Amino acid sequence: MEQRLQACSHYCEHKKAKKYVPEHSAWVYLNKHIVMSMYYLLKTKSGCNLYNALKRLMFPVYKRYYSNNNLGIFLTTSCNLSCLNCQTSARQAPANDFMSVGQMKGVVNEAINLKYYWNRIYLTGGEPTLHPHLFEILDIVKIYKDFNPGCVIILETNGVGNKAQAVLNKLPDWVLVYNSNKIEGKNTYGFSTYNVAPKDTLEYKFSDFSKGCKRLVSSYGLCASMYGYYPCSPCMNVDRVFAFDVGIKKLSLVNEKALREQMRILCSCCGWFKERHIEKVLIDVISESWEKAFAEYRKQKPKLSQLNSWPD
Ligand SMILES: C[S@@+](CC[C@H](N)C(=O)[O-])C[C@H]1O[C@@H](n2cnc3c(N)ncnc32)[C@H](O)[C@@H]1O
Ligand code: SF4
Ligand code: SF4
C-alpha cells in the first residue's frame, strides 16, 4: 500500500495539508483556526485584499496551460462523508450520479481512437468505491492500460467504511490507491475555500477567468465525467451545481478555445481561482453566488445533459 501511495503525485500536496494536524496543543490549534476562519469569513463578506489586488495589477498572471498529460475520470458524485468545503459539494448538493459503463466505454474508445497517451488516469469522485459497477468500469480502464501500458492508474478514496475497504482489498495490482484516510464522523479537514466564488469578491471580480488557476497544471488534468469533459474536476462540480450545462460531449471537441470558454464561465465561481491557496478553513465558508446556487439546487436538482454512451 505504501508503494501505491508513493506513486501518486498528490502525495506531496497532502503532505503539506498534514501540517494542519495539531502537533502541540489541540487547544492552540483550534483557537488559531477559529481566528483564521473568522478572518476569511469577514474578508469574503467585506471584500478586498488591497495588497493582492495591487500585486495582480503590477504582475498580471497570463493564461495557464491546461494539462494534456493526465486525465481525471469522475466516477460518481455520491459520497459517504460530507466534508466541509468539499470541492465535490457532497455536503451542500448531495447527489447519486454515476458514470455509466457505456459512458466509460466512450471515454476509453475515443482516447484510443484519437491516440491519447495519458501519463496518469485518476479515478475520482465523490467516493469512487461506492460505484455499483466499479469492477466493470475497471475492466474498461484495463483496455486503455493495455493500449498504453505506461499509464499509471490511481484510484482516490477516503478509505472510510467496510464497503470501501472491501473494494480496496479486491483491486487488481495495476490500480494504485491514493487513500486520504478520512475519519468517519469528522468533516473538518482544513480545506481551501472552494465555495468562495472569485466573482463575489472585489479582489477577483474583474479577473480574466478564462486563464484558469495553478491547479490546471499541478492537479489531475482534464476531467471526464457523466456530464462531459472539463478542464478539471472542480470545474465540473461548478457546472453540476450552477447548472450552466457546458460540458464538452466528445474528446474530439476538446481544444484550447472550448476549454477557455468553459473556464470563463466556471472558474468565476471556483474558489481555487483565488491565488491564496492557504485559505484553509475549519468552517463552511460560502459566498453569495454559491448560497444562491445551493438554494436553487435544494429546490430542484438540475438535470444536466449527459455524455453519450458508446453503442454496444
Ligand atoms: C474530492 S476528493 C475525492 C476522493 C475521496 N472522496 C477523498 O476524499 O479522498 C479528492 C481530494 O480532494 C480533496 N479535497 C476536496 N475538497 C477540497 C478542498 N476544498 N480543498 C482542498 N482539498 C480538497 C480531498 O481531501 C481528496 O483528497
Ligand atoms: S470524502 Fe472526499 S468527496 Fe466525500 S465529502 Fe470528503 S472530500 Fe468530498
Ligand atoms: S479555478 Fe477551479 S475550475 Fe478553474 S481551473 Fe482552477 S480548479 Fe479548475
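Look above for the structure.
Residues numbered from 1 in each chain as written. Chains lettered and ligands numbered in written order. Predicted model: local features only at pLDDT ≥ 70, side-chain atom pairs only at ≥ 80, totals over all residues.

### Quick notes on the overall build of the protein chain
Here comes step 1: From N to C terminus, the protein chain includes 11 helices and eight strands.
Here comes step 2: Counting only residues that meet the buried cut, the protein chain has 41% of its 312 residues in that class.
Here comes step 3: Intrachain contacts of the protein chain at a sequence separation of at least 6 include 78% that bridge at least 24 residues. (Helix = DSSP H or I, 4+ residues; strand = E, 2+ residues; numbered from the N terminus. Buried ≥ 20, exposed ≤ 12 C-beta atoms within 10 Å, placed from the backbone. Contact = placed C-beta atoms within 7 Å.)

### Focus on the environment of Gly 271
Here comes step 1: You can see Gly 271 is positioned in the loop between helix H10 (256–266) and strand S8 (280–281).
Here comes step 2: Overall, the presence of 27 C-beta atoms within 10 Å leaves Gly 271 in the buried class.
Here comes step 3: Counting along the chain gives 73 residues from Gly 271 to Pro 198, while the straight-line C-alpha distance between them is 6.2 Å.

### Notes on the environment of Lys 170
Here comes step 1: Within the element layout of this structure, Lys 170 appears in helix H7 (residues 161–170).
Here comes step 2: For Lys 170, a count of 10 C-beta atoms within 10 Å gives the class exposed.
Here comes step 3: C-alpha of Lys 170 to C-alpha of Phe 135: the two residues are 35 residues apart in sequence and 9.2 Å apart in space.

### Remarks on helix H6 (residues 134–147)
Here comes step 1: Between the first and last C-alpha of H6 there are 20 Å, a value that for 14 residues agrees with the 20 Å anticipated at 1.5 Å per step.
Here comes step 2: Taken as a whole, H6 has its buried residues at Ile 137, Leu 138, Ile 140, Val 141 and Tyr 144. When H6 is viewed along its axis, its buried side chains cluster within an angular range of 160° and face the same direction. In H6, the exposed positions angled more than 90 degrees off the buried face are occupied by Phe 135 and Asp 146.
Here comes step 3: Tucked inside the fold, the buried residues of H6 contact strand S1 (70–76), helix H5 (101–113), strand S2 (120–125), strand S3 (152–157) and strand S4 (175–179). (Expected span 1.5 Å × (residues − 1). Arc of directions from axis to C-beta.)

### Some remarks on the packing of H5 against H6
Here comes step 1: Viewed as axis vectors pointing N to C, H5 and H6 meet at an angle of 5°, and their least axial separation amounts to 9 Å. Relative to H6, the element H5 lies roughly parallel. Here H5 contributes Val 101, Met 104, Lys 105, Val 108, Ala 111 and Ile 112 to the contact with H6, which in turn contributes Glu 136, Ile 137, Ile 140, Val 141, Ile 143, Tyr 144 and Phe 147.
Here comes step 2: Looking at the contact of H5 with H6 residue by residue, the class counts come to 11 nonpolar, no polar and two charged. (Axes fitted to C-alpha atoms, helices over the stretch in contact; angles between N-to-C directions. Parallel < 35°, antiparallel > 145°, perpendicular 65-115°, else oblique. Nonpolar A, V, L, I, M, F, W, Y, C, P; charged D, E, K, R; others polar.)

### A short note on the pairing of strand S6 (residues 222–225)
Here comes step 1: Going residue by residue along S6, you find Leu 222 and Ala 224 tucked away on one face and Cys 223 and Ser 225 tucked away on the opposite face as well.
Here comes step 2: Bridge analysis of S1 against S6 gives three bridges, and the strand direction is parallel. Each bridged residue has a counterpart across the sheet, and for Ile 73 the counterpart in S6 is Ala 224.
Here comes step 3: Looking at chain direction, S6 and strand S7 (residues 228–230) are connected through three bridges and run antiparallel. Residue pairing in the sheet places Ser 225 in a bridge with Gly 228 of S7.
Here comes step 4: Two successive antiparallel strands, S6 and S7, enclose a turn made up of two residues. (Pairing = 2+ DSSP bridges.)

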